[in-house]
Amino acid sequence: MGRTHKESHRAERIGWLRAAVLGANDGIVSTSSLVVGVAAASALRSEVLIAGVAGLVAGAMSMAAGEYVSVSSQADTEKADLERERTELATDAEFELQELASIYVERGLDPALAKEVAAQLMVHDALGAHARDELGFSESTVARPVQAALASAASFTAGAALPLVVVLLAPESSLVIAVSVISLIFLAVLGVLAARAGGAPALRAAVRVTFWGALAMALTAGIGALFGTVV
Ligand SMILES: [Zn+2]
C-alpha cells in the first residue's frame, strides 16, 4: 500500500521530533551531571552556574560540529551520486531509460506503460526522475548540514538550560538534590514524548532514560563529593 501524503509528513515530523528529543536528552543528562558533580564538591552557586554554562556551550558546539560534519559527508555522497547519474544519463540514455522502466515494472506497472512513463518523465526531468526513483532522494530527506547543526545545537541548549534554571532558583544547600530530581522528571517527560511520537511503549522509554540519567548523575555526584574532600 503506498504511503499517503499526510503519512509521509507525519513520518518527517516524527524524525525531527525524535532528533530534537534526543538532543534535549543529551543536554539534560550531560549538564545536570556536570552541575551535580560540581555542586557535590560543595562549590558555590556562582561556580556551579559558570561550570554549567560552560558545559552548555561546549556541549551545544560539539553537537553542532558533529552533526554538521556527519550531514556534510552525507551531502557530499548525495552530490557525488547525482554527478555520476548525470554522466550516465549523458553517456547512455537508452540504458538509463530501461533502468527506470524496470523500476516501474517492479512497482507494478506493465512493461509497455512503464516504458512510456519512464520516457515521458525523462523528457520532462531526467535527472529528477532518476534521483527520486532510482537513488531514492526526496526533498524532505536531502542533507542540510547547517539546518541539522542548528537544530541539534538548539535542542541540546534547550535541554541543558533546564538544570541551569534549577541552579538559579533552588536553595544553595540543596542544589544536588534539586537538580537531580527535577532533571530526572524532565528526562521522564521527554522519554514519554519521544515514545508517544514513535508509537512505542511510554513507560519503558521513560524508565530507560531516567535510569541512565540517574546513573550518570550518581557517578558524577560521587566523583564530585570525592574531589570536594580531597582537593
Ligand atoms: Zn539511473
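Everything discussed here concerns the structure shown above.
Residues numbered from 1 in each chain as written. Predicted model: local features only at pLDDT ≥ 70, side-chain atom pairs only at ≥ 80, totals over all residues. Heavy atoms only, no water.

**Section: helix H5 (residues 145–169)**
For H5, built from 25 residues, the straight-helix expectation of 36 Å at 1.5 Å per residue is met to within 8% by its first-to-last C-alpha distance of 36 Å. When the local axis directions of H5 are compared, the greatest deviation, roughly 25 degrees, occurs at leucine 162, which is followed within four positions by the proline proline 163. (Helix = DSSP H or I, 4+ residues; strand = E, 2+ residues; numbered from the N terminus. Expected span 1.5 Å × (residues − 1). Bend = angle between axes of the 7 residues up to and from the residue.)

**Here's the deal with the pattern of salt bridges**
On inspection of all chains with the given rule, the structure shows 4 salt bridges. Ionic pairing is found between aspartate 133 and arginine 132, a salt bridge with its closest N-O pair at 3.3 Å. Three or more residues joined by partner-sharing salt bridges are found here, namely Arg107, Arg132 and Asp133. (Salt bridge = Lys/Arg side-chain N within 4 Å of Asp/Glu carboxyl O.)

**A word on the coordination of the zinc ion**
A four-donor tetrahedral metal ideally has 109.5 degree angles, and a six-donor octahedral metal ideally has angles of 90 or 180 degrees. Around the zinc ion, the protein supplies Glu85 (OE), Glu96 (OE), Glu99 (OE), His130 (ND1) and Glu134 (OE) as donor atoms, at distances of 1.8 to 2.7 Å. Along the chain, the residues donating to the zinc ion fall in the pattern E-x10-E-x2-E-x30-H-x3-E. Residue glutamate 96 and its partner glutamate 99 are located together in helix H3 (residues 93–106), separated by 3 residues, close to a single helical turn. Judged by relative accessible area, which is 1%, glutamate 96 ranks as buried. (Donors = N, O, S within 2.8 Å, 3.2 Å for Na, K, Ca; no water. Buried < 20%, exposed > 50% of the residue type's maximum accessible area, 1.4 Å probe, protein only.)

**Overview of the nonpolar core**
Counting residues in each nonpolar core, the largest one holds 27 residues, and the members touching the most others are Val35, Val48, Val167, Leu175 and Val179. When contributions to this core are tallied by element, the ones reaching two or more residues are helix H1 (5–40), helix H2 (45–91), H5, helix H6 (175–198) and helix H7 (202–230). In terms of residue count, H5 provides more of this core than any other element does, 7 residues in total. Aside from chain neighbours lying at most four places away, what touches valine 167 is Val35, Arg45, Val48, Leu49, Leu175 and Val179. Ranked by size, the runner-up nonpolar core spans 11 residues in total, among them Leu89, Tyr104, Ala118 and Met122. (Core = buried A, V, L, I, M, F, W, Y, C linked by side-chain atoms within 4.5 Å. Contact = heavy atoms within 4.5 Å.)

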